[in-house]
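# Examination of the molecular architecture
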Amino acid sequence: MTSEDAHRSGFACFVGRPNAGKSTLTNRLVGTKVAITSSKPQTTRHAIRGIVHRPDAQLIIVDTPGLHRPRTLLGRRLNDLVYETWSEVDVVGFCVPADEKVGPGDRFIAEQLKKVSRRTPVVGVVTKADLVPKQQVAEQLLALQEVMDFAELIPVSAKDSFQVDELSDVLVSQLPEGPQLYPDGELTDEPETTLIAELIREAALEGVRDELPHSLAVTVEEMNPREGRDDLIDVHALIYVERSSQKAIVIGRGGERLRTVGSQARRHIQALLGSKIYLDLHVKIAKDWQRDPKQLRKLGF
């Protein structure tokens, strides 16, 4: 086997401003939903690992929260998670959407990336290329080129799979030679309870007001097969908010909104587990949990 034919394996992560398309791109590369997506900023809160299996390589993508100027202890911890991930991966993909001008937030991230680019290659990725004409994509590539020196630059669209395979090739080319790190067929190393909590949070984020996303957290308290049934799993979960007014928003009039959240989440969780589930959801107030170290620990941050 020549060096060119050798199997490669390693880690990549996507970084960028909130809502730059990182989670959608991760899911498209992996081929299934491992990271939740939402139009709301700071949707991703955990470094979710998605595994891309290829004959010539195994690429593990770490989907990180969007880097931002933090206003709370939670915000600082999410940023720390991003920086920690950068120091551990083999290649970084810097995502900038095609339909938004390169701005101060992108330049702030680029300045931070310059500190790691001496030892870790950084690939510039123009996301959401399907939303604008080709000329605008070209202009965005030129604008991004002026922000920092990239190992490579590539436009993609996760929505219609434009150049997603090519991006996979670019990332794999930066990985070291090595054996598989995960068994065939494994798509994520996240515990099922973490993924279920994230799917519930994604459903709860849909259609809520802008101030609510940061205040939402979900924990799975219990998950067990129903006694006497091998085709049904009972899942008991808590949705945490910070104030009683937020609790009212999540529950909705007569509990209608919470029923919609449960219905949407149940569909995705059943697809994840390959089994019918009974989902028991309750909403609980944890006052100012984003600023309280004790409550952050309890909620897994």
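Note that the structure is a prediction, hence the values are computed from the model and not measured.

## A word on the pattern of salt bridges
Enumeration over the complete set of coordinates arrives at eight salt bridges. Among the salt bridges present, the one from D169 reaches R54, with a minimum N-O distance of 2.8 Å. Linking D169 in helix α5 (residues 164–173) with R54 in the loop between β2 (48–53) and β3 (57–63), this pair joins segments that are 115 residues apart in sequence. The residue E198 makes a salt bridge to R201 at a minimum N-O spacing of 3.2 Å.

## Focus: the sheet that holds strand β9 (residues 276–285)
What the three strands build is an open sheet, ordered β7-β8-β9; its pairing is mixed. If you trace the sheet from one side to the other, it starts and ends with β7 (217–225) and β9, each paired once. Each adjacent strand pair in this sheet contributes to an overall mean axis angle of 20°, direction not counted. Of the strand pairs in this sheet, β7 and strand β8 (residues 232–241) are connected by eight bridges, and their pairing is antiparallel.

## Describing the nonpolar core
Counting 25 residues, the largest nonpolar core has I200, I239, I269, L279 and L281 as its most contacted members. The element contributing the most residues to this core is helix α6 (residues 192–205), with seven residues. Each residue touching L279, except ones within four places of it in the same chain, is listed here: I200, V235, G262, A265, R266 and I269. In this structure, W86, A110, V122 and L141 belong to the second largest nonpolar core, which totals 24 residues.

## What to know about the packing of aromatic side chains
Centre distance and the angle of the planes are the two values used to describe a pair of aromatic rings. Inspection of the entire model under this criterion finds one aromatic pair. Summarising the aromatic geometry, the rings of F94 and F150 are spaced 6.2 Å apart at their centres and angled 35° between planes, so their arrangement reads as tilted. Of this pair, F94 sits in strand β4 (residues 91–97) while F150 sits in the loop between α4 (134–145) and β6 (152–155), placing them 56 residues apart in sequence. Classification of F94 by relative accessible area gives buried; the value is 0%. Its end group placed over the ring of Y278, R226 keeps NZ or CZ at 5.7 Å from the ring centre.

## Looking at the confidence of the model for the protein chain
The predicted model of the protein chain averages 83 in pLDDT, with 84% of residues at 70 or higher. Note that pLDDT drops below 50 for residues 36–46; the model gives that stretch 58 contacts with residues more than four away or on any other chain.

Rules and cut-offs
- Residues numbered from 1 in each chain as written.
- Predicted model: local features only at pLDDT ≥ 70, side-chain atom pairs only at ≥ 80, totals over all residues.
- Heavy atoms only, no water.
- Salt bridge = Lys/Arg side-chain N within 4 Å of Asp/Glu carboxyl O.
- Helix = DSSP H or I, 4+ residues; strand = E, 2+ residues; numbered from the N terminus.
- Pairing = 2+ DSSP bridges.
- Axes fitted to C-alpha atoms, helices over the stretch in contact; angles between N-to-C directions.
- Core = buried A, V, L, I, M, F, W, Y, C linked by side-chain atoms within 4.5 Å.
- Buried < 20%, exposed > 50% of the residue type's maximum accessible area, 1.4 Å probe, protein only.
- Contact = heavy atoms within 4.5 Å.
- Phe/Tyr/Trp six-rings, centres within 6.5 Å; stacked < 30°, edge-to-face > 60°.
- Lys NZ or Arg CZ within 6 Å of the ring centre and 35° of its normal.
- pLDDT = per-residue confidence, 0-100.

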